[in-house]
Amino acid sequence: MSYIRNKQIQNFHPHAVTGKTDDSFVGLRIIGNQIHFYYPETYRFDVNAESVRADIIDLLRTINIAKTSSSEPSQMNNKMVNKGEFALMSYLWVIKDYLANSFYVNREKRYEVNQSGRVNWKRTMQSQPIVSNGNIIYPNITVEVKSNVDNILVDIHKYCVKKSIDFIGWLFGLNSTFIESKLFNSAVKKLYISTLKKELERTFDDDKKLRLKHLLNVVVGLDSSDKSNEFVYGVDHYSYIFERMIDSIFSNVRDMKDFNPTAKWQLVRNNYRETKSSDLRPDTILLQGTTAFVLDSKFYRFGYTGVESDLPETTSIQKQITYGDFIKKNAGGKKYQITDVYNAFLLPYDKEREIFCSKDNIQYIGFAKSTWKDNSKPHEYVHTFLIDLKHVVKTWNRFNHDVDIQFLVEEIKKRQNETVDMQLRH
């Protein structure tokens, strides 16, 4: 087996993505033996770092979030070109399982009665015996059997390990030349799928079920001609994924309907009967006691360029103020009893980039306000923070985010107090 960690990835081409038109795809493209990795420009990435393989895997794992998107540009693209599905998460699982446990061995024993095989005396003696002339006779001999299914499962596992390594073995410094390749065609594919599905139905072992599901994902996505040479795994826009990661870190409200401002139409032709218009929906709501924090994640370029024109536009500022107005008037007087509302933008950045050069995962850069309000209420200021994208990618799926939440909450309140004092002085 060839297993070469910490060596340079061969035929690897990293691309920093700006997010502009025709430069927004984030993910993986493999063409022949050439590996193209596209990552957001604010994602700190060094192809020569010891952590390079882990950094690639971390970012690629976030692509799976796009499965929940209903927006076409944010939907996951995980295709073998003109072929099946590029089942990245299952490839990762199969390889890691192989490295930990080697090739598949069925540890579930099967038993038959009155068949040839190794006798299992414990089970045999649990059956009803016959007593004859003082002798105890067990007419139903239970034996352990190994079926043809076991052999097929071994073949399936070996083939799935081989193909998984062929596709992404470079992430582990592996190649698959040590695994003997068996014939694979449409008939074999059907046999493998049928065998895995039947085995899933009959097994009660949770670990085995998980393995079978990943093997099935791999087999279903394989091209029966075994000649696919171009693969794509990624999204055309990363903004939805960033939004969902921020929500995972900071939100503690899952039912958002109480926080969605709604308008209504009243048309002459309908005798002015009210008809509901579409909702506005804030990205993330964080509640602490009777205080609401309305957070809007913006996947804008300011965290890379530092240029003010790359900050959120007036329409986004207006939306945040509208959310605050609505929550104060509606949710404040209903079940949530909200007394205070604060607004904030969260933008991705690379904290080690020279123009920022920060040690903080979350950095305050200022606030936005309108010219049509008197700015007398806290929610009429939209405080703006940069959050290190690499930190977000590495931590979004953890259970505990108390440190980040508490830091952000305290910073928003602190900055709001400073803003009020500054306005009073002027």
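Model, not experiment: these values are computed from the prediction.

(A) Structural context of the overall build of the protein. Scanning the protein for helices and strands turns up eleven helices and 19 strands. A sequence separation of at least 24 residues applies to 70% of the contacts in the protein between residues at least 6 apart. Here the protein displays about 23,100 Å² of accessible surface, and carbon together with sulfur accounts for 48% of that area.

(B) Spatial organisation of the pattern of salt bridges. Considering all chains together, one arrives at 24 salt bridges under this definition. In this structure, aspartate 155 and lysine 182 form a salt bridge, with 3.3 Å as the shortest nitrogen-oxygen distance. Taken together, the positions of aspartate 155 in helix 4 (residues 148–168) and lysine 182 in the loop between strand 11 (174–175) and helix 5 (186–202) put the pair 27 residues apart, joining distant regions of the chain. Each of Arg44, Asp350, Glu352 and Asp388 takes part in one network of salt bridges that share partners.

(C) Spotlight on the nonpolar core. Core analysis: the biggest nonpolar cluster contains 86 residues, and Ile56, Phe86, Ile168, Trp170, Tyr238 and Phe250 have the highest contact counts within it. Ranked by residue count, the leading element in this core is helix 4, at nine residues. Counting residues in hydrophobic clusters, the runner-up holds 13 residues, among them Val294, Phe326, Ile327 and Ile338.

(D) View of the packing of aromatic side chains. Inspection of the entire model under this criterion finds 25 aromatic pairs. For the pair phenylalanine 37 and tyrosine 39, a centre-to-centre distance of 5.8 Å together with 25 degrees between the ring planes defines the contact as stacked. A relative accessible area of 11% places tyrosine 39 in the buried class. Ring centres 4.8 Å apart and planes at 65 degrees place the aromatic pair phenylalanine 167 and phenylalanine 231 in the edge-to-face group. Pair noted here: phenylalanine 167 is in helix 4 and phenylalanine 231 is in strand 12 (residues 230–235), with a separation of 64 residues, a long-range link. Residues phenylalanine 167 and phenylalanine 231 agree in their burial class; the two are buried. Connected via pairs of aromatic rings, a cluster forms that spans Phe12, Phe37, Tyr39, Phe45 and Trp170. The lysine or arginine in question, arginine 29, covers the ring of phenylalanine 25, its NZ or CZ lying 4.0 Å from the ring centre.

(E) Up close: the pairing of strand 3 (residues 26–31). In terms of strand pairing, strand 3 meets strand 12 through six bridges, oriented antiparallel. Of the residues in strand 12, the one forming a bridge with arginine 29 is valine 232. Alignment of strand 3 against strand 4 (residues 34–40), held across five bridges, turns out to be antiparallel. Pairing of arginine 29 across the sheet is with histidine 36, part of strand 4.

(F) Focus on the side chain of glutamate 380. Here glutamate 380 is to be found in the loop between strand 18 (362–369) and strand 19 (381–388). For glutamate 380, the side chain forms a polar contact with the main-chain nitrogen of asparagine 375, separated by 2.9 Å. Setting aside anything within four residues of it in sequence, one finds glutamate 380 in contact with Ile321, Ala368, Lys369, Ser370, Lys373, Asp374 and Asn375.

(G) Expanded view of helix 5. Across its 17 residues, helix 5 extends 25 Å between first and last C-alpha, which sits within 8% of the 24 Å expected from 1.5 Å per residue. All of the buried residues along helix 5 are Val188, Lys189, Tyr192, Ile193, Thr195, Leu196, Glu199 and Leu200. Buried residues of helix 5 fall within an arc of 165 degrees about the axis and therefore sit on the same side. Residues of helix 5 that are exposed and angled more than 90 degrees away from the buried face: Ala187, Lys190, Lys198 and Glu201.

(H) Inspection of the packing of helix 2 (residues 88–101) against helix 6 (residues 206–221) at higher detail. Viewed as axis vectors pointing N to C, helix 2 and helix 6 meet at an angle of 130 degrees, and their least axial separation amounts to 9 Å. The orientation of helix 2 relative to helix 6 falls into the category oblique. The two elements helix 2 and helix 6 meet at a crossing, and its hand is left-handed. Residues Met89, Ser90, Tyr91, Trp93, Val94, Asp97 and Asn101 of helix 2 form the contact with helix 6, whose participating residues are Leu210, Arg211, His214, Leu215, Asn217 and Val218. In terms of residue class, the contact of helix 2 with helix 6 is built from seven nonpolar, four polar and two charged.

(I) Here's a closer look at the sheet that holds strand 17 (residues 340–349). Pairing in this open sheet of five strands is mixed, and the strands run 15-16-17-19-18 from one edge to the other. Because the sheet does not close on itself, it has two edges, and the strands there are strand 15 (284–288) and strand 18. Recorded for the sheet is a direction-independent mean angle of 30 degrees between the axes of neighbouring strands. Here seven bridges tie strand 17 to strand 19, and the two strands are oriented parallel to one another. Across the sheet, residue leucine 346 finds its bridge partner in strand 19, namely phenylalanine 385. Running at roughly 130 degrees to strand 17, helix 7 (residues 239–250) makes contact with strand 15, strand 16 (291–297), strand 17, strand 18 and strand 19 of the sheet.

(J) Focus on helix 2. Counted at 1.5 Å a residue, the expected span for helix 2 with its 14 residues is 20 Å, and the 20 Å between its end C-alpha atoms agrees. By the burial criterion, the buried members of helix 2 are Leu88, Ser90, Tyr91, Leu92, Val94, Ile95, Asp97 and Tyr98. Within two residues after helix 2, serine 102 carries a phi angle of roughly 65 degrees, on the positive side.

Conventions adopted
Residues numbered from 1 in each chain as written. Predicted model: local features only at pLDDT ≥ 70, side-chain atom pairs only at ≥ 80, totals over all residues. Heavy atoms only, no water. Helix = DSSP H or I, 4+ residues; strand = E, 2+ residues; numbered from the N terminus. Contact = heavy atoms within 4.5 Å. Areas by Shrake-Rupley, 256 points an atom, 1.4 Å probe, with all protein chains shown as cover. Salt bridge = Lys/Arg side-chain N within 4 Å of Asp/Glu carboxyl O. Core = buried A, V, L, I, M, F, W, Y, C linked by side-chain atoms within 4.5 Å. Buried < 20%, exposed > 50% of the residue type's maximum accessible area, 1.4 Å probe, protein only. Phe/Tyr/Trp six-rings, centres within 6.5 Å; stacked < 30°, edge-to-face > 60°. Lys NZ or Arg CZ within 6 Å of the ring centre and 35° of its normal. Pairing = 2+ DSSP bridges. Polar contact = N/O pair within 3.5 Å; in protein donor to acceptor, adjacent residues only side chain to side chain. Expected span 1.5 Å × (residues − 1). Arc of directions from axis to C-beta. Axes fitted to C-alpha atoms, helices over the stretch in contact; angles between N-to-C directions. Parallel < 35°, antiparallel > 145°, perpendicular 65-115°, else oblique. Left-handed = near helix turned anticlockwise from the far one by under 90°. Nonpolar A, V, L, I, M, F, W, Y, C, P; charged D, E, K, R; others polar.

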